[in-house]
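Working through the structure, step by step
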Amino acid sequence: MLLVFDVDGTLIDSRAAIVESARRTFATGEPPHPGDAAFLATIGLLPERMMDRLFPERPEAERRAIARRYVEQVQAMRGEQAAAESPYDGVDALLAGVAEAGFTLGIATGKRRAGVDHMLAQTGWSGLFRTLQTAESGPGKPDPTLIRNAMAETGHGPEATVMIGDSVFDMEMARAAGVIAIGVDWGYNGRAALASAGADHLVDSVPALGHLIAALRDRLP
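About the cut-offs
Residues numbered from 1 in each chain as written. Predicted model: local features only at pLDDT ≥ 70, side-chain atom pairs only at ≥ 80, totals over all residues. Heavy atoms only, no water. Pairing = 2+ DSSP bridges. Helix = DSSP H or I, 4+ residues; strand = E, 2+ residues; numbered from the N terminus. Axes fitted to C-alpha atoms, helices over the stretch in contact; angles between N-to-C directions. Contact = heavy atoms within 4.5 Å. Phe/Tyr/Trp six-rings, centres within 6.5 Å; stacked < 30°, edge-to-face > 60°. Buried < 20%, exposed > 50% of the residue type's maximum accessible area, 1.4 Å probe, protein only. Parallel < 35°, antiparallel > 145°, perpendicular 65-115°, else oblique. Left-handed = near helix turned anticlockwise from the far one by under 90°. Nonpolar A, V, L, I, M, F, W, Y, C, P; charged D, E, K, R; others polar. Arc of directions from axis to C-beta. Core = buried A, V, L, I, M, F, W, Y, C linked by side-chain atoms within 4.5 Å. Salt bridge = Lys/Arg side-chain N within 4 Å of Asp/Glu carboxyl O. Polar contact = N/O pair within 3.5 Å; in protein donor to acceptor, adjacent residues only side chain to side chain.

Notes on the sheet that holds strand β6 (residues 161-165)
Sheet strands pair via backbone hydrogen bonds, and the direction of the pair is either parallel or antiparallel. Spatial ordering of the open sheet is given by β5-β4-β1-β6-β7-β8, a layout of 6 strands whose pairing is parallel. Every other strand in the sheet has two partners, leaving β5 (131-133) and β8 (201-203) as the edge strands with one partner each. For this sheet, the mean inter-axis angle between neighbouring strands, taken without regard to orientation, is 20°. As paired strands, strand β7 (residues 180-184) and β8 are joined by 3 bridges and run parallel to one another. Note on β8: the bridge partner recorded for valine 184 is valine 203. Those strands touched by helix α7 (residues 145-154) are β1 (2-5), β4 (104-108), β5 and β6, and its axis lies near 160° from that of β5.

Right, dumping it as structure tokens:
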């Protein structure tokens, strides 16, 4: 059984780093900061898609420039505060437990590969994941390519694949790929939004996620 995890808002609590990176991105006031809630609601998309949603009225060239500025600020924050993106409580034990139990683990994220590599080095998770699908791996969420890539790389079919994430884009991607969608409500989208986006299951804690995964193992191939 393949477990595909989102990163930001699912495995990693990066809220403070994201909020500060956005504050720096919009420090000049042009364009104006869209607000923390609106910005966090786009996390999971590629930076270019984030700005398309936030500033649809702006010229494309300007939206791309804002996206580049945001990526630069994220990279700067990562250099200044290496531990700013830390695992949620219980995630270390969860990943170790499901890996030991024989599950295949993967990542599907809008982060660039350099950011994922940094995260894996900081957390010590480098040996846990058999497939890493990042911003460079194909069209971003909610396009199903990342999940399809993960299945192809690990040899699992959709009937034995689960997507675990905190955003509506994760749920939409899972539905498009025909896999089970688990929404976690400790990230950047609420339960109602996750349910509306097609979550098959919703969990409110890391232990609850572990119990659900164990239950699914008994029902899936």
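Digging into the packing of aromatic side chains
One pass over the full model with this rule turns up 4 aromatic pairs. Where phenylalanine 26 meets phenylalanine 39, the ring centres are 6.1 Å apart and the plane angle is 80°; that geometry is what we call edge-to-face. Residue phenylalanine 26 is found in the loop between α1 (15-25) and α2 (36-40), and its partner phenylalanine 39 is found in helix α2; the two are separated by 13 residues along the sequence. Of the residues examined, phenylalanine 39 reaches a relative accessible area of 1% and is grouped as buried.

Concerning the environment of tyrosine 188
Within the secondary structure, tyrosine 188 sits in the loop between β7 and α9 (191-196). Residue class for tyrosine 188 comes out buried when judged on its relative accessible area of 10%. In the structure, tyrosine 188 is positioned 178 residues away from threonine 10 in sequence and 8.9 Å away in space, judged by C-alpha atoms. Leaving out residues up to four positions away in the same chain, tyrosine 188 has contacts with Asp8, Gly9, Ile12, Asp13, Ser14, Arg15, Ile18, Leu40, Ile43, Tyr88 and Asp166.

Side note on the packing of helix α5 (residues 91-100) against helix α10 (residues 206-217)
Between α5 and α10, the shortest axis-to-axis distance is 9 Å and the interhelical angle comes to 15°. With respect to their mutual orientation, α5 and α10 come out roughly parallel. The two elements α5 and α10 meet at a crossing, and its hand is right-handed. Here Val91, Leu94 and Val98 of α5 lie close against α10, whose contacting residues are Val206, Leu209, Gly210 and Ile213. Residues that form the contact of α5 with α10 fall into these classes: 6 nonpolar, 1 polar and no charged.

Section: α7
Along α7, the residues that are buried comprise Leu146, Ile147, Ala150, Met151 and Thr154. For α7, the angular spread of the buried residues around the axis is 135°, confining them to a single face. In the core, the buried residues of α7 are packed alongside β1, β4, β5, β6 and α8 (168-177). Glycine 155 sits one or two positions beyond α7 and adopts a positive phi of about 80°.

With respect to the nonpolar core
Most often, soluble globular proteins have nonpolar side chains that are buried together. One finds Leu3, Phe5, Phe39, Phe129 and Leu209 to be the most contacted residues of the largest nonpolar core, which totals 67 residues. The element best represented in this core is α8, accounting for 6 residues.

Topic: the pattern of salt bridges
Inspection of every chain in the model, using the stated rule, returns 18 salt bridges. Through salt bridges with shared partners, one network takes in Arg49, Asp52, Glu60, Arg63 and Arg64.

Description of the side chain of glutamate 85
With respect to the element layout, glutamate 85 can be found in the loop between α4 (60-80) and β3 (86-87). Judged by relative accessible area, which is 13%, glutamate 85 ranks as buried. A polar atom in the side chain of glutamate 85 sits 3.1 Å from the side chain of lysine 111. Once residues lying within four places of it in the same chain are set aside, the contact partners of glutamate 85 are Asp8, Ile12, Asp13, Ser14, Ala17, Arg78, Lys111 and His118.

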